[in-house]
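Topology and contacts: notes
Listed here are the chains, written in short residue letters.
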Amino acid sequence: MDFNLWGTPDEAKVLSPSIKKMLVKMLGVTDPQPRIPAEDIRLAPVRLSESDLSALEGIVGAGYVSTDHDQRLPRARGKSYLDLLEWRRDHEVTAPDAVVAPATDEEVAELLEWCERQHVAVVPFGGGTSVVGGLNPREGNNRAVISLDLARFDQLEDVDVVSGLATLGAGLSGPHAEMKLAEHGLQLGHFPQSFPYATIGGYAATRSSGQNSAGYGRFDEMVRSLTVVTPRGIITPGQASPATAAGPALKELFLGSEGTLGVITKVRVRVHPIPEAKIYEAFSFPTFTDGVNALRAVEQAGAGPTVMRLSDEIESSVNLTSTDNIGEQDESEHNGCLAITVFEGTIQHAQSRHQETRALMLAHGGESVGEGPARKWEQGRFGAPVLRDSLIDAGALCETLETATDWSNVPALKKAVGGALAKTLVKDGSPALIMCHVSHVYAEGCSLYFTVVGAAGEDPTARWKAAKSAASEAMTGTGGTITHHHAVGTDHLPWMGREVSVLGLQILKAVKKQLDPAGILNPGKTFDLNAAAARESAERSL
């Protein structure tokens, strides 16, 4: 990935005439936001000495330590809207002081021991796709920061075809993991929108949820065990058996920990045979509520589509499910809300689940619009973040946020979050396009994923921060989680006290103190105890 893009220049999407018309006439987007060339970006000076760098080279090898500008640059930020805006501002950007790439658990352990002694913070790095500030190099109480790159942990360690298990290196990207498994006729089947670049370790560290979650579950549900290197030793929680009653599951501490408790180097996961067949069908519902009720019925009946998602009226009307045809009319044009379903497995299994799901969708007011929209969605499903690059270049504010709640609370939460975004973004008279879809479903509830497009304004950073804060308040105040699958990073820290309570934060603090007493592991992320606890305590005293 380029440092200032979601993907690469070759993937860039040229804005179509329909999108340009929408930006200018509907949203008032007129002022481009040019990127600053890489050679003109000013990074903070390196704070590590020559002796520090020599010591690091002694641990991982001379070819695997770098302070080069072009190595520090892409590891300085993730891919949130705020991160990408930084590359359009003429100012000095904080960056890791060095990039270090160990190759074994023992090298990682030795590296963490050195960093603890030398008061150097460590930010684990996989694919660089964080959209919540999870990679921003914060030193905490340390004197410098290194980016610990896991690229050399790139092997398929072992495969148990009989049990349906495989051990993958944390640095393997999604596509490379699938290619290696395919040699054994197997598939992980985890396809988040970050799939082209995100890594196995990143999936685990952020509790990733993929687009096939209706069929295969979230990534944390796929994880059998983890190998985690901490400053106090190496642990492999979850390895004993498929299930155990031996106390709380320790692997849950590290799933979603975002590198704050240890460095995940290997993940043992549940895998399955590559599907024999795929069946597609899309449906149109008169209202979002009708569609939500249909999705709930399908999920609670256990009909089991691999993919099941629903766009609201606005998202459906602009054809956001197909990034190549946004704003354009085609044969799939319809009024109402578009739902996508995909079924995988053996021919018989896929057909039976398709027929059961289809009957439920039609019974709840859905109208079949054929397989075309579902196929178009699948073909373009990884293109939306790439399109965002072009939108930002054109001068648009473009970002996403997500939450989840119980089925009974979906209408209230959608109204609250959408209203908070609208009130904040249009208070200066600038219109905004606020869209929502359901992309992950559970027996008891679902996720809500919001996409926002508007004019960036004179101060786009402040504009988005205000909108994000208002939406987060609405989420936590209306029974939603502060994040469903984007993780916490720095962006969601102020609301973690509400999510897990002050006592919960104290429990996490105790674990952190045991595993990382010097506070070198990704400081200021996930559960920054001072920020989150202070906010929660202040609210309780009101």
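Residues numbered from 1 in each chain as written. Predicted model: local features only at pLDDT ≥ 70, side-chain atom pairs only at ≥ 80, totals over all residues. Heavy atoms only, no water.

Summarising burial for strand S5 (residues 120-125): 6 of the 6 residues are buried, a large majority. By the alternation rule, side chains of S5 split into Val120, Val122 and Pro124 and Ala121, Val123 and Phe125, which are all buried. Relative to strand S6 (residues 144-149), S5 is paired through 6 bridges, and the arrangement is parallel. When the sheet's bridge partners are listed, Val120 is paired in S6 with Ala144. (Buried < 20%, exposed > 50% of the residue type's maximum accessible area, 1.4 Å probe, protein only. Helix = DSSP H or I, 4+ residues; strand = E, 2+ residues; numbered from the N terminus. Pairing = 2+ DSSP bridges.)

With that settled, the discussion passes to the sheet that holds strand S19 (residues 432-438). Here we have 7 strands laid out as an open sheet, ordered S17-S14-S16-S15-S19-S20-S18, and antiparallel in their pairing. Here the strands that pair on one side only, and so sit at the sheet edges, are strand S17 (367-368) and strand S18 (396-406). Two strands pair when backbone bridges link them, and strand S14 (residues 277-285) and strand S16 (residues 337-345) are joined in this way by 9 bridges, in the antiparallel orientation. Directly across from Phe283, in S16, lies its bridge partner Ala339.

Attention shifts here to helix H1 (residues 17-26). Listing the buried residues of H1 in full gives Ser18, Ile19, Met22 and Leu23. Angular distribution of buried residues about the axis of H1 spans 135°; they occupy a single face of the element. Set apart from the buried face of H1 by more than 90 degrees, the exposed residues are Pro17, Lys21 and Lys25. On the buried face of H1, the contacting elements are helix H15 (384-394), S18, S19 and strand S20 (445-455). Positive backbone phi, approximately 70°, marks Gly28, located one or two places after H1. (Arc of directions from axis to C-beta. Contact = heavy atoms within 4.5 Å.)

With that settled, the discussion passes to the packing of aromatic side chains. For the structure on display, the rule yields 4 aromatic pairs. Centroid distance Tyr203 to Phe219: 5.2 Å. Interplanar angle 65°. Geometry classified as edge-to-face. Placement of the pair is Tyr203 in helix H7 (residues 200-205) and Phe219 in helix H9 (residues 219-222), with a sequence separation of 16 residues. Members of the aromatic cluster, connected to one another through ring pairs, are Phe191, Phe195 and Phe382. The ring of Phe191 is capped by Arg381, whose NZ or CZ atom sits 5.0 Å from the centre of that ring. (Phe/Tyr/Trp six-rings, centres within 6.5 Å; stacked < 30°, edge-to-face > 60°. Lys NZ or Arg CZ within 6 Å of the ring centre and 35° of its normal.)

Let us look at the environment of Ser316. Here Ser316 is to be found in helix H12 (residues 313-317). Separated by 65 residues in the primary sequence, Ser316 and Arg381 have C-alpha atoms spaced 15 Å apart.

What follows is about the UniProt feature "active site" (unreviewed entry) in the protein chain. In the numbering used here, UniProt assigns the feature "active site" (unreviewed entry) to Tyr449. When you line up the elements, Tyr449 lands in strand S20. Judged by relative accessible area, Tyr449 falls into the buried class, the value being 10%. Each residue touching Tyr449, except ones within four places of it in the same chain, is listed here: Gln193, Thr400, Leu401, Glu402, Met435, Cys436, His437, Ser439, His485 and His486. Within the structure, Tyr449 has its side chain in polar contact with the side chain of Thr400 (distance 3.1 Å). (UniProt positions renumbered as here; feature names shortened; annotations may be inferred. Polar contact = N/O pair within 3.5 Å; in protein donor to acceptor, adjacent residues only side chain to side chain.)

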